[in-house]
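A structural walkthrough
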Amino acid sequence: MQSVIEDLSKFIEFKQEEGEAFKKILKFKKLKKNEHLLVEGEFCNFGVFIEKGCIRHYYLIDGIESTGNFFFENGWYADFESYLYGKPSKLNIEALEDCELFLAYKNDFDKLVAQYPVFNSFLREMMERTIKGLTGKGMSMTLLTPEERYLALIKHRPKVVERVSLKHIASYLGVKPESLSRIRTRITLNSKS
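In this report, the structure presented in the accompanying data block is examined. (Residues numbered from 1 in each chain as written. Predicted model: local features only at pLDDT ≥ 70, side-chain atom pairs only at ≥ 80, totals over all residues. Heavy atoms only, no water.)

What to know about the side chain of Asn 92
Residue position: Asn 92 is located in strand β7 (residues 92–95). Within polar-contact distance, the side chain of Asn 92 engages the backbone nitrogen of Glu 40 at 2.9 Å. With sequence-adjacent residues up to four places away left out, Asn 92 is seen in contact with His 36, Leu 38, Val 39, Glu 40, Arg 56, His 57, Tyr 58, Tyr 59 and Leu 60. (Helix = DSSP H or I, 4+ residues; strand = E, 2+ residues; numbered from the N terminus. Polar contact = N/O pair within 3.5 Å; in protein donor to acceptor, adjacent residues only side chain to side chain. Contact = heavy atoms within 4.5 Å.)

What to know about the pattern of salt bridges
Counted by the stated rule, this structure contains 14 salt bridges. In this structure, Arg 163 and Glu 97 form a salt bridge, with 2.6 Å as the shortest nitrogen-oxygen distance. Of this pair, Arg 163 sits in helix α7 (residues 158–163) while Glu 97 sits in the loop between β7 and β8 (99–105), and the two are 66 residues apart along the sequence. The exposure class assigned to Arg 163 is partly exposed, which follows from its relative accessible area of 28%. (Salt bridge = Lys/Arg side-chain N within 4 Å of Asp/Glu carboxyl O. Buried < 20%, exposed > 50% of the residue type's maximum accessible area, 1.4 Å probe, protein only.)

With respect to the nonpolar core
Phe 22, Trp 76, Phe 109, Leu 112, Phe 119 and Phe 122 are the most contacted members of the largest nonpolar core, which totals 24 residues. Sorting the residues of this core by element identifies α1 (2–8), α2 (16–25), α3 (80–85), β8, α4 (106–115) and α5 (118–143) as the ones contributing at least two each. For this core, the leading source of residues is α5, giving four residues. Excluding residues that lie within four positions of it along the chain, Phe 122 makes contacts with Leu 8, Phe 11, Ile 12, Trp 76 and Phe 109. (Core = buried A, V, L, I, M, F, W, Y, C linked by side-chain atoms within 4.5 Å.)

So, the sheet that holds strand β1 (residues 26–31)
Across a sheet, strands are paired by hydrogen bonds formed along the backbone, either parallel or antiparallel in direction. The strand order β1-β8-β3-β6 describes an open sheet built from four strands, whose pairing is antiparallel. Here the strands that pair on one side only, and so sit at the sheet edges, are β1 and β6 (75–77). The sheet shows a mean angle of 30 degrees between the axes of neighbouring strands, direction not considered. Where α4 meets the sheet, it contacts β1, β3 (46–52) and β8, and its direction lies at approximately 55 degrees from that of β8. (Pairing = 2+ DSSP bridges. Axes fitted to C-alpha atoms, helices over the stretch in contact; angles between N-to-C directions.)

In short, geometric facts, not functional conclusions.
See the structure below:
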């Protein structure tokens, strides 16, 4: 649990008493590989901190998975549309590895913010990061070719390439697995010439 507090301190300054209060609202949860934390139609009434492992969120479009993003150790995630507005989620959250997580449920977090307003800054920071990530992904999907997207992934997010299956990477890049295989072959051949 100490890693949660250490990571939290990167975003906001808080007193020891406030940190202890934050720890008290956290609920520990283990997920096995391929197990879901959230399925479409459920309510995302929590934010999650990943202590260990990797999760992804994805959408089902006509029965085909479209991966939105991947999150690793010391990462935070919530489906903010569902979390903030109480709407059923349109996405799924799946463990890609065995995971150890800490969940902060909205009701508990709202009470915490009422007592310690400093945590409002943390929520705002998380929403800003989410917006930045969505904007970056949207621009990448619009402005870059699939090969350029894959090269950017290798450069900026090597953990994804090292730890995530090609099937899920292809889904994230918006290509079929066989297209990603061709891209990888082309990159390998170009690096040898």
